[in-house]
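Observations on chain architecture
Given next are the chains, with one letter for each unit.
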Amino acid sequence: MSVPKYSTGMAKVVNSSLYQHTLGAAVESRIGRIILLASVPLLWLIMLHVGPIYQMLKISLLSHYPVQPGVESHFTLANYAIFFQESIYFTPLIKSFIFATGATAFTLVVVYPVAYYVAKIVKPQGRSKALLLLLVPFWAGELIRTFSVIMLLANRGAVNVLLREIGLIDRPIPMLYTSFSLGFGLVYLICLYMLLPLYSAIEKIPSPLLDAAADLGAGPFTRFRRIILPLSRDGIVSGCSLVFLTCIGVFATPMLLGGPNTVLFPETISSFFHGASDKWPVGAAFALIMLVTALIAAAIFMRLVGGSKRRAI
Amino acid sequence: MEPVVQFDHVTKNYGSQVAVDDLNLSIEAGKFVTLLGPSGCGKSTSLRMLGGFEMPTSGRILLSGKDVTRVPPNKRNVNIVFQDYALFPHMNVAKNIAFGLELKGLDNKSIHRRVSELLELVQLQDYANRLPNELSGGQRQRVALMRALAPDPDVLLLDEPLSALDAKLRQQMQIELKAIQEKTGKTFMFVTHDQEEALTMSDTIVVMNNGRIEQMGDPSTLYGRPGSVFVANFIGETNLLRSTVLGAEGNLTALDWNGITIKADQGGLSPKAGEHLYVVLRPESIHCSATEPTSGNRIKGKIRQRVFKGNHTSLAVEVGDGAVLNTLVHPGDVAQLAGDDIWVGWKPETATVIPDRHAHR
Amino acid sequence: MRSLFSDAPRVTLTAIYWAFIFYLLLPLTLMMAMSFKDANFVAFPIGEWTLDWYAKVLQDKQFLEACLYSIMIAAATTLAATVLGVWIAMLIVAEGIKGQVIIFALACLPAVVPGMISAISLRIFISTIDMPTGTAAIILGHTVHAVPFVVVMALTRLRSMPGNLVDAARDLGADSFVAFLRVTLPYLGPALFGGMIFCVLLSIDDFVRTFFLGGYRPTLPMLIFAKVQGGMSPEINAMATLVLVVTAAVGLYAEYLTRRARTR
C-alpha cells in the first residue's frame, strides 16, 4: 500500500517564527481576533456600501459639483425643488412607478400558477428539472434578453410576419418603441425574480394541510384563498419587492425598447451625468428622490400585505 | 502520584446563573472517570473548561501539574470526542485521524504509521479512504475516538459520545470503549447523564448536581452506599423509606417506618434517637415469599401491581397504609406468589441510611 | 365525473406552465435562429441559412477584445467579492460580536438599492475620492454589487455547519486561523464555488454600472448595446447567441454545483 500524502506543510508555516510573531500571535488574543475579523468588513461596508449613498446625499445638497475654480459651492435645497417645478422631471418618475407597479402585478399573476405548479403538482424528483427549464433564460443577460424581445416585436419581427402570413394584417403593427414593448420587455426581464421567492414559499406549505382542507370539504378555490395564499404571503412580499425595486432601476431596457413617450426616470437622471450640461447635484437629488420613494412604496406594500415580522437574518 | 487533572475551586457563572460551583476534583492518571448527572448539572461545562472552550469565572485548572486555566484549546494536551463526533465531512477517515498529527509537525511517514496503528486498533483499516458520511454510526464513533487519541493527549475527554447511537450499539460501544481505555492506558474523562453507562465503564464516578459534586466513588460504592437522596435516586431503582431513628444496635440502627420497626446499616453516620433519616433499599435486596421469613426485616403486604420485564417481574407491594415497596422477583419465584398476600423481607445490612437533606456537605 | 372535476386545476396549471416556458424561450430561440440568416438585414422569414455570421463574429477583434475585457473584470470582481463576502459572513456568524443584524443589513444594502441609483452613487463616490472612471472603477462597482450575494450564500452554508467542527479543529491543535483555512473554508467550498460563478455572470451581465463607471474600452454588454443602437444585423444575433450559450453553460454548471453541495 502506498503511503498517502498528508499536509505536513501547514505545521511548518504555523510553527515558523514569522507566523508565530504575526498572524499566529494575533489570532491567539481576543482583541487580535476581533480586529482581524472585523476591520476589513467594517471598512468595506462603511466605505463602499454606505459611502456612495452618503456622498450622493451630500452632493445633492450642494449648489455646485464638481466644484469649478472661482465658483463657491454652498448648501441648498434647490436641487430637490427643481423636481417639482417641471413636468418633464416628475412625469418620468410617475411613469417609472406605473410601469414598475404594472409589471410587478402582471408578473405576480402570471408567475404564481407556474410557481405553484412546480412546487406542488410536479413530483419531487421532477422538480429540479422543471425549475431548471425556467431558469435557462435567466442566464442570458439583461441586454441579450432585451435584444431578443426586439426580434419578436419589430416591424419585420416574428409576430408581424406571422400575422401577415395568415392574412390578418396588411401593414405591420408598430409594437416596438411603445409602452407595450417596454412592458413586455420588463416582464420578460424580471419574471424570474418573482418565481424563486414564490416557489420556495409555496414549496414549504405542507401538502397534508391541503389534503386536510379538501377532506373537510374545501373546494380548490377555497383551498387556494384560505390556505395557499396566506401561507405563501412571505414569498409574495419578497418576490414583489424584488421585482419592483429591480424594475425601478432598470436602465438599458427602456432605452432600447421604449420610445419618446416612454422616457423613464433613470434616463432622466442619467441626462444630468452625461453631455455638456451635467448637473451632478440635481442628478444626485433626483436619484435620492427615486430611492426614497421606491423604498417607501416597497415598505407600504410590505405593511399592507403583511407577511411575518420575524425575518431571520 | 500527581493527579493528571485538577480542578481547584473552579466556578463558572453565566450571568447570574451558576453552572459550576466551587468544583474541586483530582483525577488520577490511567483511570476511567465519569462525570454523571442530569442535564444542566455542570458536567459538560466542566469538560469544556478542561478542553479550553470555556474560561472559568474563578479558580484554576491544572493539567499534569501545570496551570492551563488561560491556555487556548489548541495549546492544551487534551482532546475531546464530541457528542456528534464533529468529524470533518470533507476529509476521509485517515485525514481526519491525521489532522492533529499534521499540526504537531510530524513527517509524512510517522503520521502514516500512527494512523495505521490506530485504525488497526478499531479494525477500520479498510475504511481509511471513506468519507465520514459513508460510515455507520458506530464506525464514526470509532474514528472520532481515534482522531482524539492520535495526538497522544494527557486526558481524553468524551462528551456524551454514545447518546446518538441506538441501544444495542450503545452497549457494544461501552464494552469497546472500556477495552480501548485499558489497552491504551489513557486517562478517560467521560460525561454522561446515563447511569447505566457510568456503572458499566467507570473506575470512578463523580455524581454532579447543581454545579457541585454530590458524591464521588467507585461504581459499587455509589450503588450500594449512596451518600444522598439525590445519588440514591439517580443511580438505579430504589426505595426510599423516610424513617425515625429509634436507637443504635451495634452497627445497625433501629428505625420506625410508618409504624413498622426496621433495621438498617448506619452507613458511617451516627444517628441519634428521634432523628429523621432515609433508608435506602434496592428492589433486588428485597426477598418476596409466601410464608414469613425467619430472620431480618419482614413485613406482610399485598401485591398491587405486577409488571413483566422479561428476565424479572417487578412487583409493587403495599405495606401498611399506602406505603409501597418496589421489588423484583425472578421468573422461577413468581409461580409461588400466586395470591396477593405476600411477605417481603431483607437483610438489615443490605439497607443503608442517608440523611434527610438533598445536598449533604 | 369526480376525477374530471378534481383534475381540472391540474390540467390548467400544466398548460399554464408550458405556455410560460414557451413565452420564456420564444424570443431567445428566434434571436438564435436569426443568427443563421443568409442576408445582412434582420427580418423574418429566414430564407437561406448560413454560418457566415459566426465566422465574422469570431474574427471581430472588437468583439474578442470586449470578451477578454469582460472576463478580466469578472475575474477580478469575483476574487474581490468572494474574499470580502466570506469575510463579512464570518463576522456575522462570529460569537461575541454585537450588532450582527446591522452588519447584515449593511451587507445586503447594495442588493436592495435599484441598479441605476447604485451606479449613480458609485459614479459620484469615485469622483469624491478622485478615482478616474475605467477598469478599476468598474471592478469596484461590480464588487459592491456582488458582495451581498456572496454574503448570503456563505451565510446559508455557515449556518448549516455543525458548530463543533471548528471546536474540534481547535481541540486538535489548530489556531483560529488554521481552523478557518482547513475546516471552514473547505466546508464552504462547493457552495462558494457556485457563488463565485454567480458573481462572474453578474459582472459579465452588468450594463448600468459599467455604463457610468467605464471608460472608452467597451465591455461585452456595452458593445452589444452600442451595436443594437447602431442598427440591426444578424451579426449581433450571432454575437448574442455565442454569449448566451457560454453563460448558460456556465450557469447550469453553477446550478449543478450548488445542488450537489446542498445534498451532501
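Residues numbered from 1 in each chain as written. Chains lettered and ligands numbered in written order. Predicted model: local features only at pLDDT ≥ 70, side-chain atom pairs only at ≥ 80, totals over all residues. Heavy atoms only, no water.

As named in an unreviewed UniProt entry, chain C is ABC transporter permease, taken from Oryzicola mucosus. Recorded in UniProt for chain C, the comment headed Subcellular location (unreviewed entry) runs: "Cell membrane". Checking UniProt for chain C, the heading Sequence similarities (unreviewed entry) contains the comment "Belongs to the binding-protein-dependent transport system permease family. CysTW subfamily." (UniProt positions renumbered as here; feature names shortened; annotations may be inferred.)

If you check an unreviewed UniProt entry, chain B appears there as Spermidine/putrescine import ATP-binding protein PotA from Oryzicola mucosus. Per UniProt, chain B has the following entry under Subunit (unreviewed entry): "The complex is composed of two ATP-binding proteins (PotA), two transmembrane proteins (PotB and PotC) and a solute-binding protein (PotD)." Quoted straight from UniProt, the Function (unreviewed entry) entry for chain B says "Part of the ABC transporter complex PotABCD involved in spermidine/putrescine import. Responsible for energy coupling to the transport system."

Our focus in this paragraph is the overall build of chain B. The number of helices and strands found in chain B is 9 helices and 20 strands. Along the longest, intermediate and shortest principal axes, the C-alpha atoms of chain B span 75 × 45 × 35 Å. Within the span of chain B, comprising 361 residues, buried residues form 52% of the whole. For chain B, long-range pairs separated by at least 24 residues make up 66% of all intrachain contacts whose partners lie at least 6 apart in sequence. The average position of the 38 basic charges and that of the 41 acidic charges among the side chains of chain B differ by 4 Å. (Helix = DSSP H or I, 4+ residues; strand = E, 2+ residues; numbered from the N terminus. Buried < 20%, exposed > 50% of the residue type's maximum accessible area, 1.4 Å probe, protein only. Contact = heavy atoms within 4.5 Å. Lys, Arg positive; Asp, Glu negative; His and termini not counted. Charge placed at Lys NZ, Arg CZ, Asp CG, Glu CD.)

So, about the overall build of chain C. A tally of helices and strands in chain C yields 11 helices and 0 strands. N-terminal to C-terminal, the α/β element order of chain C is α-α-α-α-α-α-α-α-α-α-α. By the compact-globule yardstick of 18 Å for 264 residues, chain C is too spread out, its C-alpha radius of gyration being 23 Å. A principal-axis box enclosing the C-alpha atoms of chain C has dimensions of 75 × 70 × 30 Å. When burial is assessed residue by residue, chain C has 56% of its 264 residues classed as buried. In chain C, 72% of the contacts between residues at least 6 apart in sequence involve partners at least 24 apart. Just so you have it, chain C exposes about 11,400 Å², and 68% of that area is on carbon and sulfur atoms. Averaged over its 18 positive side-chain charges, chain C has a centre that lies 7 Å from the centre of its 15 negative ones. (Rg over C-alpha atoms; globule rule 2.2 N^0.38 Å. Areas by Shrake-Rupley, 256 points an atom, 1.4 Å probe, with all protein chains shown as cover.)

Mapped onto this numbering, the UniProt entry gives "domain: ABC transporter" (unreviewed entry) at residues 5–235 of chain B. Helix makes up 36% of residues 5–235 of chain B and strand 26%, and the two end C-alpha atoms of the span are 25 Å apart.

So, about the interface of chain A and chain C. Taken residue by residue, the interface counts 84 residues in chain A and 89 residues in chain C. Across the chain A/chain C interface, buried area totals approximately 8,000 Å², and carbon plus sulfur atoms make up 82% of it. Run the count over chain A and chain C and you get 9 residue pairs in polar contact (both at pLDDT 80 or more). Per element, the largest residue contribution to the side of chain A that touches chain C is 19 residues, and it comes from helix α4 (residues 30–60) of chain A. (Buried area = accessible area lost by both parts, 1.4 Å probe. Polar contact = N/O pair within 3.5 Å; in protein donor to acceptor, adjacent residues only side chain to side chain.)

All right, on to the packing of helix α13 (residues 233–248) of chain A against helix α16 (residues 280–305) of chain A then. Residues and elements named next belong to chain A. Where α13 meets α16, the closest approach of the two axes is 10 Å, and the angle between their N-to-C directions is 165 degrees. Classified by the interaxial angle, the pair formed by α13 and α16 is roughly antiparallel. Note that α13 runs across α16; the crossing there is right-handed. Two secondary-structure elements touch here, α13 through Arg233, Ile236, Val237, Cys240, Ser241, Phe244, Leu245 and Ile248 and α16 through Met290, Ala294, Leu295, Ala297, Phe301, Met302 and Val305. (Axes fitted to C-alpha atoms, helices over the stretch in contact; angles between N-to-C directions. Parallel < 35°, antiparallel > 145°, perpendicular 65-115°, else oblique. Left-handed = near helix turned anticlockwise from the far one by under 90°.)

This part is about the side chain of Ser70(C). Residues and elements named next belong to chain C. Assignment of secondary structure puts Ser70 in helix α3 (residues 61–93). For Ser70, a relative accessible area of 4% translates into the label buried. Discounting chain neighbours no more than four positions away, the residues touching Ser70 are Ile204, Thr219, Leu220 and Pro221.

As a further point, take the packing of aromatic side chains. As enumerated under the stated definition, the model contains 34 aromatic pairs over all chains in all. Each ring, one from Phe265(A) and one from Phe286(A), has its centre 5.7 Å from the other, and the planes form 15 degrees; the classification is stacked. With a gap of 21 residues between them, Phe265(A) in helix α15 (residues 265–271) and Phe286(A) in helix α16 connect regions that are remote in the sequence. Note on Phe265(A): relative accessible area 0%, which makes it buried. Ring centres of Phe88(B) and Phe99(B) lie 4.8 Å apart, and the angle between their planes is 50 degrees; on these two criteria the pair is classed as tilted. One end of the pair, Phe88(B), is in the loop between β6 (78–81) and α2 (93–103); the other, Phe99(B), is in helix α2, and 11 residues separate them in sequence. Members of the aromatic cluster, connected to one another through ring pairs, are Phe83(A), Phe84(A), Tyr89(A), Phe90(A), Phe265(A), Phe272(A) and Phe286(A). (Phe/Tyr/Trp six-rings, centres within 6.5 Å; stacked < 30°, edge-to-face > 60°.)

Bringing the domain arrangement of chain B into the picture now. One frequently used descriptor of interface size is the decrease in accessible area upon assembly of the parts. All names here are of chain B. Here chain B is described as being made up of domain 1 (5–233) and domain 2 (237–355). Contact between domain 1 and domain 2 buries roughly 850 Å² in total, counting both sides, with carbon and sulfur atoms accounting for 53%. Three residues stand out in domain 1 for area buried against domain 2, namely Tyr223, Arg225 and Val229, and they jointly supply 57% of the buried area on that side. At the surface where domain 1 touches domain 2, the tally comes to 1 salt bridge. Between Arg225 and Asp265 there is a salt bridge, with its nearest N and O atoms 3.4 Å apart. Seen at the junction of domain 1 and domain 2, the total is 3 residue pairs in polar contact (both at pLDDT 80 or more). Taken together, the elements giving at least two residues each to the side of domain 1 that touches domain 2 come down to α7 (219–224) and α8 (229–234). Here the side of domain 1 that touches domain 2 is composed, by residue class, of 5 nonpolar, 4 polar and 1 charged. (Domains from an automatic or database assignment. Salt bridge = Lys/Arg side-chain N within 4 Å of Asp/Glu carboxyl O. Nonpolar A, V, L, I, M, F, W, Y, C, P; charged D, E, K, R; others polar.)

It is worth spelling out the sheet that holds strand β5 (residues 66–67) of chain B at this point. Residues and elements named next belong to chain B. Here 4 strands make up an open sheet; going across it, the order is β2-β1-β4-β5 and the pairing antiparallel. Every interior strand has two partners, whereas the edge strands, β2 (17–27) and β5, have only one. Relative to β5, strand β4 (residues 58–63) is paired through 2 bridges, and the arrangement is antiparallel. When the bridges of β5 are listed, Leu62 appears paired with Asp67. (Pairing = 2+ DSSP bridges.)

Within this numbering scheme, the UniProt entry marks residues 67–254 of chain C as carrying the feature "domain: ABC transmembrane type-1" (unreviewed entry). In residues 67–254 of chain C, the share of helix is 82% and the share of strand is 0%. The end C-alpha atoms are 20 Å apart.

Per the domain assignment, the segments making up chain C are domain 1 (1–25) and domain 2 (52–263). Once you take the C-alpha centre of each, domain 1 of chain C and domain 2 of chain C turn out to be 37 Å apart.

We now examine a nonpolar patch on the surface. Residues and elements named next belong to chain A. Judged by side-chain polarity, Val292, Ile296, Ile300 and Leu304 come together as a nonpolar surface patch covering roughly 400 Å² of accessible area. For Ile300, the position within the fold is in helix α16. Look at Ile300 and you get partly exposed, because its relative accessible area is 48%. (Patch = residues over 30% accessible without salt bridge, like charges linked within 9 Å, V, L, I, M, F, W, Y side chains within 5 Å.)

Sheet strands associate in pairs through backbone hydrogen bonding, adopting either a parallel or an antiparallel arrangement. All names here are of chain B. Taken in spatial order, the 5 strands make up an open sheet running β15-β19-β16-β17-β18, and their pairing is antiparallel. Lying at the two open borders of the sheet, with one neighbouring strand each, are β15 (287–289) and β18 (323–329). Strand after strand, the sheet turns through a mean of 40 degrees between neighbouring axes, direction not considered. Direction of pairing for β15 relative to strand β19 (residues 341–346): antiparallel, over a ladder of 3 bridges. Bridged to Ser289 within β19 is Trp343.

As a further point, take unusual backbone geometry. Outside of glycine, negative phi angles account for most residues, and trans bonds account for most peptide bonds. The backbone phi angle of Tyr177(A) is positive, close to 65 degrees, even though this residue is not glycine. Tracing the backbone through its elements, the reader meets Tyr177(A) in the loop between α9 (158–165) and α10 (179–204). Here Tyr177(A) falls in the partly exposed class, since its relative accessible area comes to 46%. The residue Asn210(B) is not glycine, and still its phi comes out positive at about 50 degrees. Counting through the fold element by element, Asn210(B) comes out in the loop between β9 (204–209) and β10 (212–217). Judged by its relative accessible area of 58%, Asn210(B) is exposed.

To continue, consider the nonpolar core. Formed by 215 residues in total, the largest nonpolar core has its most connected members in Leu134(A) and Phe286(A). Top contributing element to this core by residue count: helix α6 (residues 87–121) of chain A, with 15 residues. Discounting chain neighbours no more than four positions away, the residues touching Leu134(A) are Val114(A), Val118(A), Leu192(A), Leu195(A), Tyr17(C), Phe20(C), Ile21(C) and Leu24(C). Counting 35 residues, the second largest nonpolar core, distinct from the first, contains Tyr85(B), Leu149(B), Ala150(B) and Leu162(B). (Core = buried A, V, L, I, M, F, W, Y, C linked by side-chain atoms within 4.5 Å.)

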